[in-house]
Amino acid sequence: MCPDREILSAYFDGEVAAPWGRQIAEHVSGCERCRAWLAGMESTRRALADEQLHEWRAPMERVRLRILAHVPSERPRVSMWRRQMTLPVPVAVLAAALLLILGVSLAVVTTRQDMGYIRITKAPAGGTEYQFAVPYDKVEALLKSVGGSDANIESVMTIPKNVKLVPVGEPRMGRADEFLRKKP
Amino acid sequence: MKTSVRSGIVPILLALAVAHANGQAQGIETDPKEALQELLSKALTVTVSARILPPDTEEETPIWNAESTKLTIPGRSIKVRLDGDNVRIYLICTPYLQDNGEVLLLAQGQVWFTEPQDNENRYVSTFYSIPVSYGEKILFFPLGVSSADTPQKKHLNIELEIKIVPYEKKP
């Protein structure tokens, strides 16, 4: 009985151990069918071994070049100032608006801290509008310098302790001639 | 639809925006010296004289008085506080210049008073709006006015006199 093809293939490749290999060799020597199969395997191996390298290297090189032709080449370095970016128009408009708002806000913040100016607008009718944009402490300093006195906005007067005041009515205010002191 | 911009233009746009806003903020700035002269020409001196007068008699010599003179500009208030044993009085005066050259005095009086008998605190706040001429005397009686006709005729009167004059530079 002939051995299996897989066993024969292993025998052909020298992968069958010695006692089994000897038995297969004895069988092959007396079996025309197995000898013919092994002869076919041998002729195929020789054909592959005799194949010249140059016969497949040329097509392989062509394939390699075709693949490289489709690989994007390395882009040249572009300066940041010359680099372009593509934005959808709404995004570009929005970005420009945000930039403008940011710029105005930045300008207001930077100028307000030291905005020591007084704007005077004279209307044609004769009216005058004053706008003061001076930090509070600077107004105090200004008024102190021209007034030459204590610049505290609140003056405190202390009434003597022995003076007992009692409300005699509702608070009142008016021109002095409205409050002529009545003589008893 | 897309648009292309050079990324380098972004900081330039930002700088332009800042410069433009700066120009907007400072473009119509007045010369500080001229502005100061204009400011001083409209400055006002507000004098508040406080007096405590004896009960309604012929004697008009105050038993106590104090005075405070403040320099201000139209629209800016001055504040005077009187501290007593059982009373605290605030007078807040804000002068405004009117088109006719007169002053509109907006005054607020606040009185905090503690009743001697029951230690109850009272608070009264009043507002007044009075057109005044320069130098005209305005009187404020924060605790009311006693007179011979009132039952409290034996009580002391406290009055605050307000006088507003244009600021004059000291020689």
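So, here's what we can say about the structure. (Residues numbered from 1 in each chain as written. Chains lettered and ligands numbered in written order. Predicted model: local features only at pLDDT ≥ 70, side-chain atom pairs only at ≥ 80, totals over all residues. Heavy atoms only, no water.)

### Considering the overall build of chain B
Turning to step 1, where the next piece is worked out: A count of helices and strands for chain B gives two helices and nine strands.
Turning to step 2, where the next piece is worked out: In sequence order, chain B lays out its α and β elements as β-α-α-β-β-β-β-β-β-β-β.
Turning to step 3, where the next piece is worked out: Counting all 171 residues of chain B, 46% fall into the buried class. (Helix = DSSP H or I, 4+ residues; strand = E, 2+ residues; numbered from the N terminus. Buried < 20%, exposed > 50% of the residue type's maximum accessible area, 1.4 Å probe, protein only.)

### As for the sheet that holds strand 2 (residues 44-53) of chain B
Turning to step 1, where the next piece is worked out: Read across the sheet, five strands follow the order 5(A)-8(B)-9(B)-2(B)-3(B) without closing on themselves; strand pairing throughout is antiparallel. Each edge of the open sheet carries a strand with a single partner, namely strand 5 (172-175) of chain A together with strand 3 (64-72) of chain B. Recorded for the sheet is a direction-independent mean angle of 20 degrees between the axes of neighbouring strands.
Turning to step 2, where the next piece is worked out: Two elements, strand 2 of chain B and strand 3 of chain B, share nine bridges in a ladder whose sense is antiparallel. Looking at strand 3 of chain B, one finds that threonine 45 of chain B is bridged to leucine 71 of chain B. (Pairing = 2+ DSSP bridges. Axes fitted to C-alpha atoms, helices over the stretch in contact; angles between N-to-C directions.)

### Notes on the nonpolar core
Side chains that are nonpolar tend, in soluble globular proteins, to be buried together.
Turning to step 1, where the next piece is worked out: Ile159, Leu165 and Met173 of chain A together with Leu82, Leu91, Ile158 and Ile162 of chain B are the most contacted members of the largest nonpolar core, which totals 35 residues.
Turning to step 2, where the next piece is worked out: Elements represented by at least two residues in this core include exactly strand 2, strand 3, strand 4 (78-83), strand 5 (87-97), strand 6 (103-114), strand 7 (121-132), strand 8 (137-141) and strand 9 (157-166) of chain B.
Turning to step 3, where the next piece is worked out: Among all residues touching isoleucine 162 of chain B, those that are not within four sequence positions of it are Met173 of chain A together with Val46, Thr47, Leu91, Cys93, Leu105, Glu136, Lys137 and Ile138 of chain B.
Turning to step 4, where the next piece is worked out: Core analysis: the second largest hydrophobic core is formed by seven residues, Leu8, Phe12, Cys31 and Cys34 of chain A among them. (Core = buried A, V, L, I, M, F, W, Y, C linked by side-chain atoms within 4.5 Å. Contact = heavy atoms within 4.5 Å.)

### Looking at the sheet that holds strand 4 of chain B
Turning to step 1, where the next piece is worked out: Pairing in this open sheet of five strands is mixed, and the strands run 4(A)-4(B)-5(B)-6(B)-7(B) from one edge to the other. The open sheet has two free edges, formed respectively by strand 4 (154-158) of chain A together with strand 7 of chain B, since each of these has just one partner strand. Taken pair by pair, the neighbouring strands of this sheet meet at an average axis angle of 15 degrees, ignoring direction.
Turning to step 2, where the next piece is worked out: Inspection of the sheet shows strand 4 of chain A paired to strand 4 of chain B by five bridges, in the parallel sense. Paired with threonine 158 of chain A across the two strands is aspartate 83 of chain B, which belongs to strand 4 of chain B.

### What to know about the pairing of strand 5 of chain B
Residue and element names in this part refer to chain B.
Turning to step 1, where the next piece is worked out: Burial analysis of strand 5 places eight of its 11 residues in the buried class, the great majority of the element.
Turning to step 2, where the next piece is worked out: Of the strand pairs in this sheet, strand 4 and strand 5 are connected by six bridges, and their pairing is antiparallel. Its bridge partner lying in strand 5, valine 80 is registered against leucine 91.
Turning to step 3, where the next piece is worked out: A loop of three residues connects strand 4 with strand 5, the two strands running antiparallel in sequence.
Turning to step 4, where the next piece is worked out: Between the antiparallel neighbours strand 5 and strand 6 lie five residues, among them glycine 101 with a positive phi of about 90 degrees.

### Concerning the packing of helix 1 (residues 5-12) of chain A against helix 3 (residues 32-50) of chain A
Residues and elements named next belong to chain A.
Turning to step 1, where the next piece is worked out: Look at helix 1 against helix 3: their axes get within 11 Å of each other, and the N-to-C directions meet at 50 degrees. In terms of orientation, helix 1 and helix 3 fall into the oblique class. Between helix 1 and helix 3 lies a crossing whose hand is right-handed. Between helix 1 and helix 3, the contacting residues are Arg5, Leu8, Ser9, Tyr11 and Phe12 on the first element and Arg33, Cys34, Trp37, Leu38, Met41, Glu42 and Arg45 on the second.
Turning to step 2, where the next piece is worked out: In terms of residue class, the contact of helix 1 with helix 3 is built from seven nonpolar, one polar and four charged. (Parallel < 35°, antiparallel > 145°, perpendicular 65-115°, else oblique. Left-handed = near helix turned anticlockwise from the far one by under 90°. Nonpolar A, V, L, I, M, F, W, Y, C, P; charged D, E, K, R; others polar.)

Keep in mind these values describe shape, not function.
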